[in-house]
Amino acid sequence: MTRPVITAFDWVPDFARGQVRDLRVRWALEEVGQPYDVRYLSQGEQKGAPHRAFQPFGQVPTYEADGLTLFESGAIVHHIADTHDGLFPRDTNGRARAIEWMFAALNTVEPPIADHAIATLFEADRPWSKPRLPSILARVDGRLSELSARLGDKDWLDGDTFTAGDLLMVAVLRVLDGDAALASYPNLVAYVARGTARPAFKRALDAQLAGFTGSPPPAIAAWLEKQTSRQGECA
Ligand SMILES: N[C@@H](CCC(=O)N[C@@H](CS)C(=O)NCC(=O)O)C(=O)O
């Protein structure tokens with residue numbers, strides 16, 4: 001296999017550092033020991049035609065190797081697991097269960113957690129966010145409670161073996177790390193800690209953080225400047 005090239009941003013706001021979805025892809029590549037290169041995009045470049053040719057929605061990450069280009073972090077992690085040893089069990093049924101947990105992470109658990117991030121971070125200052133929060137929190141809690149019950153006292157979702165399903169589930173849950181919503185479920189807190197203690201995760205996170213060498217686009221820079229100068233203001 002040729003060395004894959006993934007895309008990532010060269011700048012994101014502080015709250016998003018360590019959460020951009022190229023992290024999942026980097027983590028998968030680190031787990032299987034596959035070296036890779038990164039093509040960095042400045043903010044805004046993701047919406048231009050050249051990148052949209054790779055990613056129709058104008059987002060990161062993407063993946064290129066051996067004449068194949070992919071978008072969607074879940075599809076990329078699936079492909080890495082499919083073409084390397086280490087993220088899918090060797091038996092057909094175990095592999096199917098790992099894929100089941102990949103879908104559960106992205107399709108069942110992530111949506112309410114993404115709504116929570118929108119209401120508390122991205123649109124925290126919008127009038128509709130506060131009224132929506134109780135119902136969002138109830139949906140997050142419902143999913144966490146069900147997941148906690150299924151995980152029980154196992155190390156990983158399917159037992160003793162870490163799979164691509166755990167990789168995506170931990171990546172999804174760690175958005176809530178330190179949040180009261182997750183703290184109510186000690187087995188999920190321990191599960192996230194177990195996943196993020198893996199050396200491959202640490203290498204992936206360090207690599208993502210080291211890649212933020214760019215600058216914000218002018219409009220965001222001006223807005224950030226205004227926020228900083230306001231920090232000393234009294235109401
Ligand atoms: N479902 C997509 C979501 C990708 C996504 O949301 N990417 C974000 C970064 S985490 C992004 O590129 N946002 C910038 C934008 O939408 O302009 C995936 O998993 O790859």
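The present account deals with the structure reproduced in this document.

Quick notes on the rules
- Residues numbered from 1 in each chain as written.
- Predicted model: local features only at pLDDT ≥ 70, side-chain atom pairs only at ≥ 80, totals over all residues.
- Heavy atoms only, no water.
- Near = heavy atom within 4 Å.
- Polar contact = N/O pair within 3.5 Å; in protein donor to acceptor, adjacent residues only side chain to side chain.
- Areas by Shrake-Rupley, 256 points an atom, 1.4 Å probe, with all protein chains shown as cover.
- Nonpolar A, V, L, I, M, F, W, Y, C, P; charged D, E, K, R; others polar.
- Axes fitted to C-alpha atoms, helices over the stretch in contact; angles between N-to-C directions.
- Helix = DSSP H or I, 4+ residues; strand = E, 2+ residues; numbered from the N terminus.
- Parallel < 35°, antiparallel > 145°, perpendicular 65-115°, else oblique.
- Left-handed = near helix turned anticlockwise from the far one by under 90°.
- Contact = heavy atoms within 4.5 Å.
- Salt bridge = Lys/Arg side-chain N within 4 Å of Asp/Glu carboxyl O.

**Focus: the site of the ligand**
So, point 1. Near the ligand you find F9, V20, R21, Q46, K47, G58, Q59, V60, P61, E72 and S73, and these make up its full shell.
So, point 2. One of the side-chain N or O atoms of R21 is found 3.2 Å from an oxygen atom in the ligand.
So, point 3. Q46 has a polar side-chain atom sitting 3.0 Å from an oxygen atom of the ligand.
So, point 4. Computed on the free molecule, the ligand has an accessible area of 510 Å², of which 76% lies beneath the protein chains in the complex.
So, point 5. For the shell around the ligand, the per-class residue count stands at 4 nonpolar, 4 polar and 3 charged.

**Some thoughts on the packing of helix α4 (residues 92-122) against helix α5 (residues 129-151)**
Axes are the key here: two packed helices are described by the angle between their axes and the distance separating the axes.
So, point 1. Following both chains from N to C, one finds α4 and α5 inclined at 150 degrees, their axes separated by 8 Å at the closest point. Classified by the angle their axes make, α4 and α5 are roughly antiparallel. Handedness of the α4/α5 crossing: left-handed. Across the interface between the two elements, W101, T108, P112, I113, D115, H116, A119 and T120 of α4 pack against S129, R132, L133, I136, L137, R139, V140, R143, L147 and R150 of α5.
So, point 2. Its residues assigned to classes, the contact of α4 with α5 comprises 9 nonpolar, 4 polar and 5 charged.

**Topic: the pattern of salt bridges**
So, point 1. Enumeration over the complete set of coordinates arrives at 15 salt bridges.
So, point 2. As a salt-bridge pair, E31 and R198 come within 2.8 Å of each other at their nearest N and O atoms. Taken as a pair, E31 in helix α1 (residues 22-32) and R198 in the loop between α8 (186-196) and α9 (199-210) lie far apart in primary sequence, 167 residues in all.
So, point 3. Between D155 and R194 there is a salt bridge, with the nearest N and O atoms lying 3.7 Å from each other. Residue D155 is found in the loop between α5 and α6 (164-173), and its partner R194 is found in helix α8; the two are separated by 39 residues along the sequence.
So, point 4. If you follow the salt bridges from partner to partner, you end up with R21, R24 and E110 in one network.

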